[in-house]
Amino acid sequence: MNKTDIIIMVTIIAYLLAMVVIGILFSRKNTNVGDFYLGGRKLGPIVTAMSAEASDMSSWLLMGLPGVAYLTGGAKAGWTAIGLAIGTYVNWLIVAKRLRVYSQKCGAITVPDYFSNRYHDKNKILMGIAAIMIIIFFVPYTASGFVACGTLFSTLFGWNYHVAMIISAVIIVAYTCTGGFLAASFTDFIQSIVMTLALISIVIFGIYTANGLDNVIENAKSIPGYFSLSDIHNVEKGTAEDYSGLTIASLLAWGLGYFGMPHIILRFMAIEDKNKIKTSRRIASIWVVISMAVAIFIGFIGNALTANGKIEKLVGEENAQTIIVKISMFMSEKHVLLALIAGLVFAGILACTMSTSDSQLLAASSSMSENILKGFLKIKMTEKQSMLAARAVLIVIAVLGVILAWDSTSSVFNIVEFAWAGFCATFGPVMLASLFWKRSNKYGAIAGMIVGGVMVFLWKFVISNLGGAFAIYELLPAFVAAAIAIVVVSLCTAKPEKEIISEFDAVCVEAKK
């Protein structure tokens, strides 16, 4: 291992140790399960905003998105980012405050809790289905983070992919198990700062090395369909292809996913003061727009560096998603200080992964221990036993994530794409109906969850194979199908009880204050 590798390694280890220390410090604040899963609803507006967006972006921001832009240009990455930016803002605008009020009024500390308590589901069927759906889609989502970690270290130091992945998973589990929600939220806040510094560092160095901004743009324009939102670059043929309106619509539909993301929604439930959500919304929206725009531009920069021979050409999605790693390695070879900055960039990639994985692990473990074991199966546990069960389940889910991430050629973008669609279709329509439609009932909610979850699998693995208009992103048709199921079943079954209606009206009044 040379001097550069040592500097990078020390930087990364220092960062990882800091995350574990934070977990240990915050473990002292977990006096009950509510603290472990929701932090006692004590998050300030800045931490709420940045932790929500850091847990949202994952390794997709620094690996998946730049990789797609590097290969195919601005269309796929650009329309996806636009959809996500709009979705982020609208989610904060219409969901955050009302959910904060509603979840407190009905005493919910997890997302399945909220759905069950909102519809007064005494049999906890809604809670059980929601919890199962969370586990089904969070395991592959968590696996995508482990893939990113394994890919990072194997690319950097030539480590065995599986060993690197397992070590990363152990560290993430360590601080999440000890510190719970507060640790995850505070480390996410720090990680959002590290991610930002990583993006800025790569852009500045990349533009300089590519001989200026003009050269980066000119290179992008010279590639057929690359510097466009209406065309996409076909890598195999080296030609431009039309990007259809239907495809664009399906990419914009990524934004719908925010309404159903448990690890993001939990931040809304945990904010200390509902009246500070406006501040959080502004911070979150600005950060998301800038970070995604920069991530896409890094793909453009990487292509320019490939064109002038500074870095090797990356073929295939699994290689393209390492573009930021390649640029950082090239940077580290120039100077000791730049090697330190490169270490910060790699820590930023880990930050993307860890900030999402910790939140996902918490949401998934709470679904199993609180909602399935205690809620649905009605297994009686003391507070201490609940905490132990939560941590045990968290470890089991992490192990399943490692198993799914065992294939080193897995695409981070594709894994996240599927899990994102799953959460969007399963929870998005139900969340909106629960907050804004008084007539919706538990039967409609159950139907919506089941139809949404099933349709994601059906469209992805069966219907999309028909090609043509059917080959769109499964998120959009699954979301629509779930919404229709909620409306139809709710209208065909009994109206909600007066108590539920009164609670809904009270929440509406409180949310307007």
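Predicted model, so just to flag it, every value in this text is computed and none were measured.

Details of the overall build of the protein
(1) Moving on: Counting its secondary structure elements, the protein contains 19 helices and two strands.
(2) Moving on: Per-residue burial over the protein gives 62% buried out of 513 residues.
(3) Moving on: Restricting the contact set of the protein to residue pairs at least 6 apart, pairs at least 24 apart contribute 83%.
(4) Moving on: As displayed, the protein has an accessible area near 18900 Å², and 67% of this comes from carbon and sulfur atoms.

Some words on unusual backbone geometry
(1) Moving on: If you check the backbone angles, His 120 has positive phi at about 50° while not being a glycine.
(2) Moving on: Given a relative accessible area of 22%, His 120 falls into the partly exposed group.
(3) Moving on: In this model, Lys 124 sits at a positive phi of 60°, which is unusual for a non-glycine residue.

Quick notes on the nonpolar core
(1) Moving on: Phe 115 and Phe 346 are the most contacted members of the largest nonpolar core, which totals 163 residues.
(2) Moving on: With 20 residues, the top contributor of residues to this core is helix H6 (residues 125-157).
(3) Moving on: If near-sequence neighbours (up to four positions away) are discounted, Phe 115 is found in contact with Leu 126, Ala 130, Phe 427, Val 430, Met 431, Ser 434 and Met 449.

Structural notes on the environment of Thr 155
(1) Moving on: Position of Thr 155 relative to the elements: it lies in helix H6.
(2) Moving on: Considered as a pair, Thr 155 and Asn 319 are 164 residues apart in the sequence and their alpha carbons are 9.9 Å apart.
(3) Moving on: With residues up to four places along the chain from it excluded, the contact list for Thr 155 reads Thr 322, Val 325 and Lys 326.

Thoughts on the layout of surface pockets
(1) Moving on: Volume-wise, the largest pocket comes out at about 650 Å³.
(2) Moving on: Forming the boundary of the largest pocket are 23 residues, of which Thr 72, Lys 76, Ile 232, Tyr 243 and Glu 317 lie nearest the centre.
(3) Moving on: Among the elements that line the lining of the largest pocket, the one with the most residues is helix H3 (residues 45-72), at four residues.
(4) Moving on: Within the lining of the largest pocket, the residues separate by chemical class into nine nonpolar, seven polar and seven charged.

What to know about the pairing of strand S2 (residues 239-242)
(1) Moving on: By the bridge criterion, four bridges tie strand S1 (residues 231-234) to S2 in an arrangement that is antiparallel. What sits directly across from His 233, in S2, is Ala 240.
(2) Moving on: Connecting the antiparallel pair S1 and S2 is a turn made up of four residues, with Gly 238 showing a positive phi of about 70°.

Points about the packing of H6 against helix H13 (residues 323-332)
For any two helices packed against each other, one specifies the inter-axial angle together with the distance between the axes.
(1) Moving on: In contact at an axis separation of 10 Å, H6 and H13 are set at 35° when each is read in the N-to-C sense. Once H6 is placed against H13, the crossing between them reads as right-handed. Residues Leu 152, Thr 155 and Leu 156 of H6 touch H13, and the partners they reach there are Val 325, Lys 326 and Met 329.

Comments concerning the packing of aromatic side chains
(1) Moving on: Applying the stated criterion across every chain yields a total of 20 aromatic pairs.
(2) Moving on: With a centroid separation of 5.0 Å and 90° between ring planes, the pair formed by Tyr 258 and Trp 420 is classed as edge-to-face. Of the two residues, Tyr 258 is situated in the loop between helix H9 (245-252) and helix H10 (262-270) and Trp 420 in helix H16 (residues 412-436); the sequence distance between them amounts to 162 residues.
(3) Moving on: Tyr 258 gets classed as buried once you look at its relative accessible area, which sits at 1%.
(4) Moving on: Against the face of Tyr 119 rests Arg 118, its NZ or CZ located 4.4 Å from the ring centre.

Quick word on a nonpolar patch on the surface
(1) Moving on: Judged by side-chain polarity, Ile 132, Ile 136, Ile 450, Val 454, Phe 457, Leu 458, Phe 461 and Val 462 come together as a nonpolar surface patch covering roughly 680 Å² of accessible area.
(2) Moving on: Residue assignment for the nonpolar patch shows that the elements contributing at least two residues are H6 and helix H17 (442-461).
(3) Moving on: Inspection of the secondary structure puts Ile 450 in helix H17.

Description of helix H8 (residues 213-222)
(1) Moving on: Among the residues of H8, Val 216, Asn 219 and Ala 220 are the ones counted as buried. One face of H8 carries all of its buried residues, which in axial projection span an arc of 100°. In H8, the exposed positions angled more than 90 degrees off the buried face are occupied by Asp 214 and Ser 222.
(2) Moving on: On its buried side, H8 packs onto helix H11 (277-307).

Basis of the calculations
- Residues numbered from 1 in each chain as written.
- Predicted model: local features only at pLDDT ≥ 70, side-chain atom pairs only at ≥ 80, totals over all residues.
- Heavy atoms only, no water.
- Helix = DSSP H or I, 4+ residues; strand = E, 2+ residues; numbered from the N terminus.
- Buried < 20%, exposed > 50% of the residue type's maximum accessible area, 1.4 Å probe, protein only.
- Contact = heavy atoms within 4.5 Å.
- Areas by Shrake-Rupley, 256 points an atom, 1.4 Å probe, with all protein chains shown as cover.
- Core = buried A, V, L, I, M, F, W, Y, C linked by side-chain atoms within 4.5 Å.
- 1 Å grid on protein atoms, 1.4 Å probe; cavity = no way out; pocket = protein on both sides within 12 Å on 5 of 7 lines; lining within 4 Å.
- Points joined across faces, edges and corners; volume = space filled by probe spheres on them.
- Nonpolar A, V, L, I, M, F, W, Y, C, P; charged D, E, K, R; others polar.
- Pairing = 2+ DSSP bridges.
- Axes fitted to C-alpha atoms, helices over the stretch in contact; angles between N-to-C directions.
- Left-handed = near helix turned anticlockwise from the far one by under 90°.
- Phe/Tyr/Trp six-rings, centres within 6.5 Å; stacked < 30°, edge-to-face > 60°.
- Lys NZ or Arg CZ within 6 Å of the ring centre and 35° of its normal.
- Patch = residues over 30% accessible without salt bridge, like charges linked within 9 Å, V, L, I, M, F, W, Y side chains within 5 Å.
- Salt bridge = Lys/Arg side-chain N within 4 Å of Asp/Glu carboxyl O.
- Arc of directions from axis to C-beta.

These figures come from the coordinates and say nothing about function on their own.
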